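# Fold and geometry: a report
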Amino acid sequence: MKSQARVVVIGGGVVGCSVLYHLTKLGWSDVMLIERSELTSGSTWHAAGGFHTLNGDTNMAALQGYTIRLYRELEELTGLSCGLHHVGGITLADTPERLDMLKAERAKHRYMGLETEILSPSEIKEMAELVNVEGVLGGLYDPLDGHLDPSGTTHAFARAARMAGAEIVTHTRVLKTNARADGGWDVVTEKGTVVAEHVVNAGGLWAREVGAMAGVYLPLMPMAHQYLVTEDIPEIYERASEFPHVMDPGGESYLRQEGRGLCIGFYEQKCEPWAVDGTPWAFGHELLNDAFEKIEDSVNFAYRRFPVLERAGVKSVIHGPFTFAPDGNPLVGPVPGLRNYWTACAVMAGFSQGGGVGLSLAQWMIEGETERDPRAMDVARFGHWTTPAYTLPKVVENYQRRFSVSYPNEELPASRPFRRTPMYDVWDRMNAVFGETYGLEVPNYFASEGEPRYETPSFRRSNAWEAVRAEVHAVRKMVGINEVHNFSKFSVSGPNARNWLDQIMAGRIPKPGRLSLSPMLSPKGRLFGDFTISCHNDNAFQLTASYGSQDFHHRWFEKHTQKGVSVQNVSDQVTGFQISGPNARALLQKVTSQDVSSEAFRFLDVKSLIVGLSKCRVQRVSYTGDLGYEIYCDLMSQRQLFDSLWEAGQSLGLRPFGMRAMMSLRLDRFFGSWQREYSPDYTAAETGLDRFIHFQKDADFIGRKAAEAERVSKPARELCAFEVDACDSDVVGYEPIWHEATVVGFCTSGGYSHWLDKSIALGFLPRDRLFEVTDFEIEILGERRRARRLNDPLFDPEGLRLRQ
């Protein structure tokens with residue numbers, strides 16, 4: 001075993017071996033993998049080995065497609081068999097809601113190049129004759145679905161890595177990972193210490209323990225999972241071709257052929273967390289004791305759906321643990337707060353996602369960014385506030401919902417409410433219906449008197465419709481108030497603060513007392529942030545952006561840290577409210593003695609004011625597209641500030657509004673949203689944010705060369721707005737845009753404008769289609785709805801109300 005390496009990967013399951021292989025594929029050969037036992041000794045060896053592309057996040061689905069296509073390449077490269085069975089798969093829908101979900105997924109697949117299709121019950125029966133289609137409304141067929149040999153596939157990854165120069169050390173347990181002053185790591189093992197520039201935690205069942213060696217808590221939990229293999233079944237072995245995969249979400253099961261019989265596994269409600277307090281180091285190739293009692297209900301359902309099972313004997317039972325994160329997606333990427341420490345764990349669907357995870361992490365490490373927006377699996381999506389007590393119920397909830405319908409407006413209850421602001425009980429008394437962002441309770445809307453304080457999950461317009469409509473009209477006609485707690489806030493200070501911001505941000509850095517809007521770019525010109533920059537003085541600034549992306553952004557700031565500048569995440573220390581609507585100025589003037597007239601307080605001004613009794617920073621800007629102000633204060637002053645605003649606002653029609661109304665209001669002005677229109681998948685020029693890039697400044701800001709090149713060449717696609725002839729459902733995101741029977745683009749987000757009484761969508765079109773206005777269609781839940789491209793916002797197109 002060598003004593004130095006550029007990268008040490010800890011863990012020899014399919015994910016660790018994939019990471020090792022992709023590092024070599026992208027050019028790093030001085031890499032090694034250390035495994036405590038044999039390769040595949042954790043969850044890999046007892047995995048069912050199924051693979052599929054279906055995933056609610058389109059980038060995860062694309063990475064799963066990459067993973068599946070990679071296996072043939074591995075076989076050709078190494079000469080080893082992955083035991084591939086591309087038999088295709090059918091996901092059944094036994095309710096209208098589940099069929100809506102499959103139609104929505106099929107729509108996304110159109111522009112992703114995935115050849116899936118919706119089947120009728122008779123077509124399902126023709127393709128998979130052993131399925132009882134009674135009660136089945138349809139299904140989604142994916143020809144890429146299949147299964148493989150877990151051991152063979154893992155060893156193929158390992159051999160490919162070795163062929164490119166990687167070293168693999170087995171039967172060697174890692175004891176410590178100690179950070180070095182130079183940013184590297186001492187990886188202390190039973191057989192000596194390896195000095196590594198980078199460490200990758202691919203510890204699988206032991207990822208928590210490996211993380212703890214570096215002082216990191218990773219929110220994941222092993223769950224005991226059980227599947228059965230039957231004895232020989234004549235209907236299977238006499239069949240002319242292999243039986244396809246069948247996913248039966250209603251029965252919480254997946255089924256495939258295994259040799260001359262069938263394999264069926266369950267995601268049962270009576271699920272069992274395993275090794276809650278830590279995975280024993282001695283655990284490895286063991287299985288857990290059989291637990292038929294927890295799958296009894298699921299088995300009985302399976303007998304009705306697949307009657308042949310009731311006549312088949314059980315040959316073997318596989319009951320073993322594998323790991324989940326709270327939302328079911330992997331934990332991948334650089335760990336915030338640590339240098340050169342990476343994770344690739346909680347990959348519960350290892351043979352669907354392992355290849356894509358390995359590729360993304362290798363790109364991240366070598367190129368500094370990933371090919372696709374990694375937010376669905378980025379370890380930074382869970383902050384330092386997570387605890388084992390939070391993780392356990394969330395993982396149980398996710399396991400139980402593995403096959404549940406996932407609605408775009410659904411809020412899940414486990415581990416809530418957790419993080420709350422001082423305003424929580426006030427909003428609660430006002431009938432707030434809460435959502436959750438980054439662990440924080442956020443009012444989605446305020447239920448009307450007599451209405452349930454629960455939004456019905458749906459792909460269509462929900463019971464929140466009238467309440468949200470009333471909030472929107474209150475803002476547009478009078479004045480509305482909501483918190484700014486769901487914005488991230490960073491304090492940037494020091495003698496080098498302005499110079500640092502000029503390099504980290506692509507836009508103009510404002511003068512004292514002013515604010516600006518600026519994109520933050522990656523070296524390749526991709527969007528890494530969409531910020532409001534407020535200048536208090538030449539050495540003190542506040543950055544405001546997406547609350548849920550604060551660790552993602554703070555990690556980027558730390559990576560580019562410089563002397564003479566301090567960056568502090570004050571998201572939970574600085575809070576306050578935004579007020580918006582035609583009466584917003586009158587309200588602010590009633591609670592401060594200073595002049596806030598349009599001449600004294602201009603659009604994009606930042607001022608220090610006493611509001612009520614509280615010292616506040618107030619900035620004149622509003623995401624609603626209306627006259628508005630953001631009022632920031634210390635956390636301890638928030639309740640008094642609200643009392644002052646609320647009392648003064650009663651004669652002006654002041655009303656609270658939530659995020660549902662905010663998302664409707666922003667559509668009136670075609671304002672994009674972070675992680676929808678703006679993300680690392682897109683560039684500033686594609687989204688129109690290039691209008692905020694200050695190309696005239698002297699600073700060589702990150703991404704400048706790429707942005708300037710695109711300024712000359714022009715982007716191949718551009719963000720557009722549409723008015724949609726929708727029925728009872730609106731665009732959510734990733735619906736295909738049709739023109740003359742061809743898919744030409746896709747939506748990024750949409751919804752209903754309650755002020756305009758129109759369904760609005762935002763999405764990308766290729767440049768050669770930008771001259772078209774009509775003859776577009778947007779596919780919503782399997783139906784193509786007419787859409788008209790809009791050149792200008794239908795509300796206040798010149799932005800006069802913002803600036804009045």
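Preceding this section is the structure that the text describes.
Read on for an overview of the structure.

Rules of the game
Residues numbered from 1 in each chain as written. Predicted model: local features only at pLDDT ≥ 70, side-chain atom pairs only at ≥ 80, totals over all residues. Heavy atoms only, no water. Helix = DSSP H or I, 4+ residues; strand = E, 2+ residues; numbered from the N terminus. Rg over C-alpha atoms; globule rule 2.2 N^0.38 Å. Buried < 20%, exposed > 50% of the residue type's maximum accessible area, 1.4 Å probe, protein only. Contact = heavy atoms within 4.5 Å. Areas by Shrake-Rupley, 256 points an atom, 1.4 Å probe, with all protein chains shown as cover. Lys, Arg positive; Asp, Glu negative; His and termini not counted. Charge placed at Lys NZ, Arg CZ, Asp CG, Glu CD. Phe/Tyr/Trp six-rings, centres within 6.5 Å; stacked < 30°, edge-to-face > 60°. 1 Å grid on protein atoms, 1.4 Å probe; cavity = no way out; pocket = protein on both sides within 12 Å on 5 of 7 lines; lining within 4 Å. Points joined across faces, edges and corners; volume = space filled by probe spheres on them. Nonpolar A, V, L, I, M, F, W, Y, C, P; charged D, E, K, R; others polar. Pairing = 2+ DSSP bridges. Axes fitted to C-alpha atoms, helices over the stretch in contact; angles between N-to-C directions. Core = buried A, V, L, I, M, F, W, Y, C linked by side-chain atoms within 4.5 Å. Salt bridge = Lys/Arg side-chain N within 4 Å of Asp/Glu carboxyl O. Expected span 1.5 Å × (residues − 1).

### A look at the overall build of the protein
Looking only at helices and strands, the protein has 20 helices and 38 strands in total. For 804 residues, the compact-globule estimate of 2.2 N^0.38 gives 28 Å, and the protein sits close to it at 27 Å. Along the longest, intermediate and shortest principal axes, the C-alpha atoms of the protein span 85 × 60 × 50 Å. For the protein, buried positions account for 61% of its 804 residues. For the protein, contacts bridging at least 24 residues in sequence account for 72% of all contacts bridging at least 6. Summing over all exposed atoms, the protein offers an accessible surface of approximately 30000 Å²; the carbon and sulfur share of this is 48%. In the protein, which carries 85 positive and 102 negative side-chain charges, the distance between the mean positions of the two groups comes to 6 Å.

### A few points about the packing of aromatic side chains
Following the criterion strictly, the structure yields 33 aromatic pairs and no others. Taking the centre distance of 5.6 Å and the plane angle of 70 degrees together, the rings of W500 and F557 count as edge-to-face. Placement of the pair is W500 in helix α13 (residues 497-504) and F557 in helix α14 (residues 550-559), with a sequence separation of 57 residues. Each residue in the set Y254, Y267, F322, F324, Y399 and F403 is aromatic and connected to the rest through ring pairs, giving one cluster.

### Notes on the environment of Y407
You can see Y407 is positioned in the loop between α10 (388-400) and α11 (424-429). In contact with Y407, not counting residues within four places along its chain, are E97, P457, S458 and F459.

### Points about the layout of surface pockets
As a volume, the second largest pocket reaches approximately 510 Å³. Every residue lining the second largest pocket is counted, 18 residues in all, and those nearest its centre are P334, L338, N340, R555 and K559. With five residues, α14 is the largest single contributor of residues to the lining of the second largest pocket. Here the residues of the lining of the second largest pocket are counted per class, giving 10 nonpolar, four polar and four charged.

### Description of the sheet that holds strand β28 (residues 574-580)
Pairing is mixed across the open sheet formed by six strands, whose spatial order is β29-β30-β31-β28-β22-β32. The two strands at the open ends of the sheet, each matched to only one other strand, are β29 (606-611) and β32 (654-656). Going across the sheet, the axis of each strand differs from the next one's by a mean of 30 degrees, ignoring polarity. Relative to β32, strand β22 (residues 479-483) is paired through three bridges, and the arrangement is parallel.

### Points about the nonpolar core
Residues V9, L23, Y71, L74 and V200 are the most contacted members of the largest nonpolar core, which totals 46 residues. Here this core gets seven residues from one element, more than from any other, and that element is helix α1 (residues 14-25). Those residues within four positions of L74 in sequence are excluded, and the remaining contacts are Y21, G79, C82, A156, F157 and A160.

### A few points about the sheet that holds strand β37 (residues 776-780)
The strand order around the closed barrel built from six strands is β33-β36-β35-β34-β37-β38, with neighbouring strands paired in antiparallel fashion. Direction aside, neighbouring strands of the sheet carry axes that sit 45 degrees apart on average. Sheet analysis places strand β33 (residues 717-724) next to strand β38 (residues 783-790), joined by four bridges and oriented antiparallel. When the sheet's bridge partners are listed, F722 is paired in β38 with R789. Relative to strand β35 (residues 742-753), helix α17 (residues 659-668) is tilted by about 120 degrees, and along the sheet it contacts β35 and β36 (758-766).

### As for the pattern of salt bridges
One pass over the structure, following the stated rule, counts 49 salt bridges. Between D94 and R98 there is a salt bridge; the shortest N-O distance is 3.4 Å. Between R419 and D572 there is a salt bridge whose closest N-O contact spans 2.5 Å. Within this pair, whereas R419 is found in the loop between α10 and α11, its partner D572 is found in the loop between β27 (566-569) and β28, the two being separated by 153 residues in sequence. Given a relative accessible area of 15%, R419 falls into the buried group. Salt bridges here are not isolated pairs; linked through shared partners, they connect R476, D626, D668 and R801.

### As for the pairing of strand β23 (residues 487-493)
Side-chain direction in a regular strand flips from residue to residue, so the side chains alternate between the two faces of the sheet. The element β23 is extensively covered by neighbouring structure, given that five of its seven residues are classed as buried. With seven bridges connecting them, β23 and strand β26 (residues 540-546) associate as antiparallel partners. When the sheet's bridge partners are listed, F490 is paired in β26 with L543. Bridge analysis of β23 against β27 gives four bridges, and the strand direction is antiparallel. Counterpart to S491 in the pairing with β27 is Q568.

### Observations regarding α10
A rise of 1.5 Å per residue sets the reference length of α10, with its 13 residues, at 18 Å; its end C-alpha atoms lie 18 Å apart and thus fit the reference within 8%. Where α10 is concerned, the buried positions are Y390, T391, K394, V395, V396, E397, N398 and Y399. Where α10 is buried, its residues contact β12 (221-230), β15 (261-266), β16 (272-273) and β17 (314-324).

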